[in-house]
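For reference, the chains in residue letters:
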Amino acid sequence: GVAPAMYITKQRSATGNWFTYHVSVGNTKGLFLDLTNASTTNTYFNNTSPTSTVFSIGSGVGGLNASGVTQVTYCFAPVAGYSAFGSYVGNGSNDGPFIYTGFRPRFLLIKNTTTAGTNWEIWDSARDLYNVESNRLYPDSSAAENGGQNAYDFLSNGFKARQGGSTDTNQSGATIIYMAFAEMPFKFANSR
């Protein structure tokens, strides 16, 4: 009964990219979960926003929706106290922007959509038990976990960017999208 804020589509019976729609990028642009590209304008999603009952994918764009090829799509919608999707604009400072989610994040996926060559990054509170979160994984790379970056504070009601020099997490003027899931998925839980 809710329109997805983010969905990821991948060919299962052929090689290809992970086409990614995010509400903050819009329906005329797309991203690839397996690439470091900036958002690109194309008809990946038929220039159509998803509804509570359907989502759109283009045809013949980079193998997306090709004839005879099976596809899988993962759809994610915001749920108060459980998940949040949005974007923020980096300020390039170690005192970066605060992003309100309404819960303490357990899992955070981010991507700078403005600058090419920036990674998708996964941050979580399972591997970093204390703030500031410093270990991350890269969905677009085979690289091992990378630590020591001190990029985010996970707070009781959201997260705060802390790494001023990072083009991935807080580049000045860049739009960074996010997908966050709660540490304690209850509507009004604000503590550990």
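Residues numbered from 1 in each chain as written. Predicted model: local features only at pLDDT ≥ 70, side-chain atom pairs only at ≥ 80, totals over all residues. Heavy atoms only, no water.

**Q** Tell me about the sheet that holds strand β5 (residues 71–76), and name the residues and values.
**A** Taken together, five strands build an open sheet; the order of strands is β4-β3-β2-β1-β5 and the sheet is antiparallel. Each edge of the open sheet is held by one strand with a lone partner, namely β4 (40–41) and β5. Of the pairings in the sheet, the one linking strand β1 (residues 6–11) to strand β2 (residues 19–22) comprises four bridges and is antiparallel in character. Along β2, the bridge assignment pairs Ile8 with Thr20. (Pairing = 2+ DSSP bridges. Helix = DSSP H or I, 4+ residues; strand = E, 2+ residues; numbered from the N terminus.)

**Q** Explain the pattern of salt bridges to me, and be specific about the residues and the numbers.
**A** Should their charged atoms come close, side chains of opposite charge can pair. With the rule as written, the count across this model stands at eight salt bridges. Arg104 is the partner of Glu183 in a salt bridge, and the nearest nitrogen-oxygen pair spans 3.4 Å. With Glu183 in the segment after β13 (175–182) and Arg104 in the loop between β7 (98–100) and β8 (105–112), this residue pair connects regions lying 79 residues apart in the sequence. Ionic pairing is found between Glu183 and Arg106, a salt bridge with its closest N-O pair at 3.9 Å. Of this pair, Glu183 sits in the segment after β13 while Arg106 sits in strand β8, and the two are 77 residues apart along the sequence. On the basis of relative accessible area, Glu183 is assigned to the buried category, the value being 16%. In the salt-bridge network here, residues are joined through shared partners; they are Asp95, Asp153, Lys160 and Arg162. (Salt bridge = Lys/Arg side-chain N within 4 Å of Asp/Glu carboxyl O. Buried < 20%, exposed > 50% of the residue type's maximum accessible area, 1.4 Å probe, protein only.)

**Q** Which residues make up unusual backbone geometry, and what values go with them?
**A** What you tend to see is this: most non-glycine residues have negative phi, and most peptide bonds are trans. Positive phi outside glycine occurs at Asn46, with the angle close to 55°. Structurally, Asn46 can be placed in the loop between β4 and β5. Although it is not a glycine, Asn47 sits at a positive phi angle of roughly 50°. With respect to the helices and strands, Asn47 occurs in the loop between β4 and β5. In this structure Asn47 comes out as partly exposed when scored by relative accessible area, which is 41%.

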